[in-house]
Amino acid sequence: MLVLCASLIPAGAAADDSEISALEALRQGQYVRLNGMFGEYDLSHAGIIWSIDVSKDGKYAVTGSADRAAKLWNLQTRTEVRAFIGHDSDVTSVALSPDASRLLSGSKDGTVRIWDVATGQQLATLEGHEDWVLAVAFSPDGKTAASAGRDKVIFIWDIVSGKAIAQFKGHTGFVSSLEFSTDGSKLLSSSYDQSVRLWDMKTLSPGKIFLSNQGWLLTASFGNNGRSVLASAADNIILEWRIDSGLAEAKYVGHEGWVYSIITVPGSSKFFSASLDGTIRSWRYGESDPDKVLVDAEMPINDAVLAQDRGSFLVASGSKVRIYDVATGKERAADRQGHIGPVRAVVAVAGGKELASAGADGKIIVWEAKSHKELRRFSTEAKPRGGYMALSYSRSGDILAAGTEDGAVLFFDYKNGELEYSTQQHEAAVTDLKYSPDGRYLVSASADHTFALLKVKNGIPVEKSSGVLDYLGKAFFQAFGKHKGRVNSIDISPDSSRIVSGSNDGAIRLWDADREQWLHTYREHRSGVSAVRFYGKRLEVLSGAISGVVRLMNLGEGQKERTFAGHKGAVVAIALGQGHKMYTASVDSSIRVWAIDSGRELQTIDLRGVTDLPQSMFVSDSKLYVGTLRGVILDFDLTSPVKGKAKPSKGRKKR
């Protein structure tokens, strides 16, 4: 279950079936699925990654980050599968159950949470710690878990009931790491009190203690096939003790930074260590000098794991997970699929079976909506300077029009991606672009304070389709009167007779498309107008402002009907869904769902921790697509069945 939201329908407000309908799917985490992210070629968070774990089959990894999220990644495609949202502070530690069905996450908010990996559903919040949780671990059978942190107490939890079955006390400093033995009979803990302790899981009692005089112990692991204990100290040295005798066995010297990861391999005479000095080193048991430096990431490494095939290291460095080849030590290049940078436009095509996206990177990409597979790209001899700003699809002629940063509009054959025609429409960026519903014309808005109407046939400008070339440069083009500021958004009425435009000058203007005349100017916002959208068959218009307010106006009667207040930043996009629902996306990193007729807010989807700022949005049947600043496209399924009222999630390491 993916918990993307924190607010519900206001207390005391009744919610009838017409208000909720299929969009109850966006209520709380249990009714929303993040089906995928397109274009995510690097495994990254919006904050530093503190912890990483990998599934036994090597296909998936989980990460915990300072952005308060844990994430599940498909390592084969390097795509984000799901984000787990609910913690109120940094996710400092994560662990997958042996069968990869459960995720355990520990946080600076003092809680441990259990998640269903398949659905993203939060199954339990384990409370008991009085300070940051720095370490979590699953037992080999997956039935119990351990957690520890700054309160110096180790909790043992029953996964099914979510209750603590034991508390281990004895450490006098922060507990920095936990690890179960392969048979689950022992638990190993390291601490800033310069000790490593063994705990008997059968009797739930303390065992041997291994003491160091080398400073804080940052992490510990069973080594040499369970015959020894390895621990890293704050002086960059790795220590080893024999378990049977409790005597110090060896010291491993070579790192120039703290070691937060010790990686042991069953049956091997070597182990590995990853450090803040940016290196991963291999060591032979009993030999104090490193065998060799395997990886030099040139960036601090917070955590690292070895993939199941032992062929690659997954390294948490900064806000990204990097993959390095064990044999060569070189980073494995990702398949640079998808966008790099802001996705400024998203449209669904072919009855929702395909999706087209355009970005600041100058790419237009067509995706298969169901599989998220990249199908093709549209190309030109030279990428438009500044990239693409807007897209619109003409059903007549299968033409995809794209507006650019430098004021041009390009027309592509949607099926083969070939450029059919281009025209320099504006003197500055094209900010919005729309074909009329009747297919007769295309309108484009611009940062040059104008918007323009271009007559088309089968989706192509008339001068192209009729064979007339550049008649005075603007043969079938009519520029309308200027706004006094950047025109951010335009829309066309369902009958194609009216056009509405919204500008930074705070004005909303209504135009007659057939006569190419200005009809009226409305000033209902105190700030710039960032998004406009016709609603219904009457001249009703929804307008979003830079202030974050959305208003519904009847332009035919000149009356303000309703105000939607809630966003704390500019509204960048408005989309309409079934059942008189409105979606608004804002730079406050949220998407809000509203019942238009009543003005009630039905849901807030918090994108913090999932991605960064939304840039564009599109609704197609049962799908909500959101393009973001970081080159990711979020895909929400709106058809999840409603099985009861949503409940708010309870919420209250690292270094």
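Residues numbered from 1 in each chain as written. Predicted model: local features only at pLDDT ≥ 70, side-chain atom pairs only at ≥ 80, totals over all residues. Heavy atoms only, no water.

1. Thoughts on the overall build of the protein chain
Here's step 1: The secondary structure content of the protein chain amounts to two helices and 58 strands.
Here's step 2: Counting every position in the protein chain, which comprises 655 residues, the buried fraction comes to 60%.
Here's step 3: Accessible surface, the protein chain: about 26,000 Å² in total, of which carbon and sulfur atoms supply 47%. (Helix = DSSP H or I, 4+ residues; strand = E, 2+ residues; numbered from the N terminus. Buried < 20%, exposed > 50% of the residue type's maximum accessible area, 1.4 Å probe, protein only. Areas by Shrake-Rupley, 256 points an atom, 1.4 Å probe, with all protein chains shown as cover.)

2. Notes on the confidence of the model for the protein chain
Here's step 1: Predicted confidence across the protein chain gives a mean pLDDT of 84, with 87% of residues reaching 70 or more.
Here's step 2: Here residues 1-36 scores under 50 on pLDDT; set against residues more than four positions off or in separate chains, the count is 134 contacts.
Here's step 3: A low-confidence stretch, residues 641-655 stays under pLDDT 50, and its non-local contacts, those more than four residues away or across chains, total 48 contacts. (pLDDT = per-residue confidence, 0-100. Contact = heavy atoms within 4.5 Å.)

3. Things to note about the nonpolar core
Here's step 1: Of all hydrophobic cores here, the largest spans 18 residues; its most connected members are Tyr 583, Ile 591, Met 617, Leu 624, Val 626 and Phe 636.
Here's step 2: Mapped onto this core, the elements with two or more residues apiece are β52 (571-577), β53 (581-586), β54 (590-595), β55 (600-606), β56 (614-620), β57 (623-628) and β58 (633-637).
Here's step 3: The element that contributes the greatest number of residues to this core is β54, accounting for three residues.
Here's step 4: Core analysis: the next-biggest nonpolar cluster, separate from the first, contains 17 residues, Ile 364, Val 366, Leu 391 and Leu 410 among them. (Core = buried A, V, L, I, M, F, W, Y, C linked by side-chain atoms within 4.5 Å.)

4. A word on the side chain of His 339
Here's step 1: Its place among the elements puts His 339 in the loop between β30 (320-325) and β31 (343-349).
Here's step 2: Here Asp 361 takes part through its side chain, which lies 3.2 Å from a polar atom of the side chain of His 339. (Polar contact = N/O pair within 3.5 Å; in protein donor to acceptor, adjacent residues only side chain to side chain.)

5. Some points on the side chain of Thr 63
Here's step 1: Looking at where Thr 63 falls in the secondary structure, it is placed in strand β5 (residues 60-65).
Here's step 2: A distance of 2.7 Å separates polar atoms of two side chains, one belonging to Thr 63 and the other to His 45.
Here's step 3: Only 2.9 Å separates the side chain of Thr 63 from the side chain of Trp 73, close enough to count as a polar contact.

6. Details of the sheet that holds strand β4 (residues 49-54)
Here's step 1: Spatial strand order, β4-β5-β6-β7: four strands in an open sheet with antiparallel pairing. Only two strands of the sheet have a single partner each, and these edge strands are β4 and β7 (79-85). Each neighbouring strand pair of the sheet contributes to a mean axis angle of 20 degrees, computed without reference to strand direction.
Here's step 2: One ladder, built from five bridges, connects β4 with β5; its direction is antiparallel. Of the residues in β5, the one forming a bridge with Ile 52 is Thr 63. (Pairing = 2+ DSSP bridges. Axes fitted to C-alpha atoms, helices over the stretch in contact; angles between N-to-C directions.)

7. Focus: the pattern of salt bridges
Here's step 1: The final tally for this structure, using the stated rule, is 19 salt bridges.
Here's step 2: Residue Glu 80 pairs with Lys 71 through a salt bridge whose shortest N-O separation is 3.1 Å. Summarising the burial analysis for this pair, Glu 80 and Lys 71 share the class buried.
Here's step 3: Two residues, Asp 491 and Arg 533, come together in a salt bridge whose shortest N-O distance is 3.5 Å. Residue Asp 491 is found in strand β44 (residues 487-492), and its partner Arg 533 is found in strand β48 (residues 529-535); the two are separated by 42 residues along the sequence. (Salt bridge = Lys/Arg side-chain N within 4 Å of Asp/Glu carboxyl O.)

8. Thoughts on the packing of aromatic side chains
Here's step 1: With the rule as written, the count across this model stands at 19 aromatic pairs.
Here's step 2: Here the aromatic rings of Trp 258 and Tyr 260 are separated by 6.3 Å at their centres, their planes lie at 75 degrees, and the arrangement is edge-to-face.
Here's step 3: Relative accessible area serves as the criterion here: at 7%, Tyr 260 is assigned to the buried category.
Here's step 4: Seen from their ring centres, Phe 411 and Tyr 421 are 6.2 Å apart, and the 45 degrees between their planes marks the pair as tilted. Highlighted residues: Phe 411 in strand β37 (residues 408-413) and Tyr 421 in strand β38 (residues 419-424), separated in sequence by ten residues. (Phe/Tyr/Trp six-rings, centres within 6.5 Å; stacked < 30°, edge-to-face > 60°.)

9. Let's talk about the sheet that holds strand β19 (residues 205-211)
Here's step 1: Reading across from one edge, β16-β17-β18-β19 is the order of the four strands in this open sheet, with antiparallel pairing throughout. If you trace the sheet from one side to the other, it starts and ends with β16 (175-180) and β19, each paired once. Pairs of neighbouring strands in the sheet enclose a mean axial angle of 20 degrees, with direction left out of account.
Here's step 2: Pairing of strand β17 (residues 186-191) with strand β18 (residues 195-200) involves five bridges; the strand directions are antiparallel. Bridging from a neighbouring strand, Lys 186 pairs with Asp 200 of β18.

10. Digging into the environment of Trp 511
Here's step 1: Mapped onto the fold, Trp 511 is located in strand β46 (residues 508-512).
Here's step 2: By relative accessible area, Trp 511 is classed as buried at 2%.
Here's step 3: Along the backbone, Trp 511 and Arg 498 are 13 residues apart, and their C-alpha atoms lie at a distance of 5.6 Å.
Here's step 4: For Trp 511, the side chain forms a polar contact with the side chain of Ser 501, separated by 3.1 Å.

11. Observations concerning unusual backbone geometry
Here's step 1: For His 449, which is not a glycine, the phi torsion comes out positive at approximately 80 degrees.
Here's step 2: Mapped onto the fold, His 449 is located in the loop between β40 (441-446) and β41 (451-457).
Here's step 3: On the accessibility criterion, His 449 (29% relative accessible area) is partly exposed.
Here's step 4: The residue His 580 is not glycine, and still its phi comes out positive at about 60 degrees.
Here's step 5: Within the secondary structure, His 580 sits in the loop between β52 and β53.

12. A closer look at the pairing of β7
Here's step 1: Among the seven residues that make up β7, six are buried, leaving the element largely enclosed by the rest of the structure.
Here's step 2: Bridge count between strand β6 (residues 69-74) and β7: six bridges; the pairing is antiparallel. From the neighbouring strand, Ala 70 faces β7, where its bridge partner is Phe 84.
Here's step 3: Here β6 folds back onto β7 in antiparallel fashion, the turn holding four residues, of which Arg 78 has a positive phi close to 55 degrees.

13. Quick word on the pairing of strand β32 (residues 354-359)
Here's step 1: Burial of β32 is extensive: six of the six residues sit out of reach of the surface.
Here's step 2: Of the two faces of β32, the one lined by Glu 354, Ala 356 and Ala 358 and the one lined by Leu 355, Ser 357 and Gly 359 are each fully buried.
Here's step 3: Alignment of β31 against β32, held across six bridges, turns out to be antiparallel. Note on β32: the bridge partner recorded for Ala 345 is Ala 358.
Here's step 4: The antiparallel pairing of β31 with β32 creates a hairpin that spans four residues between the two strands, and Ala 350 there sits at a positive phi of about 55 degrees.
Here's step 5: In this structure, β32 lies alongside strand β33 (residues 364-368), joined through five bridges in antiparallel fashion. Looking across to β33, one finds that Ser 357 is bridged to Ile 365.

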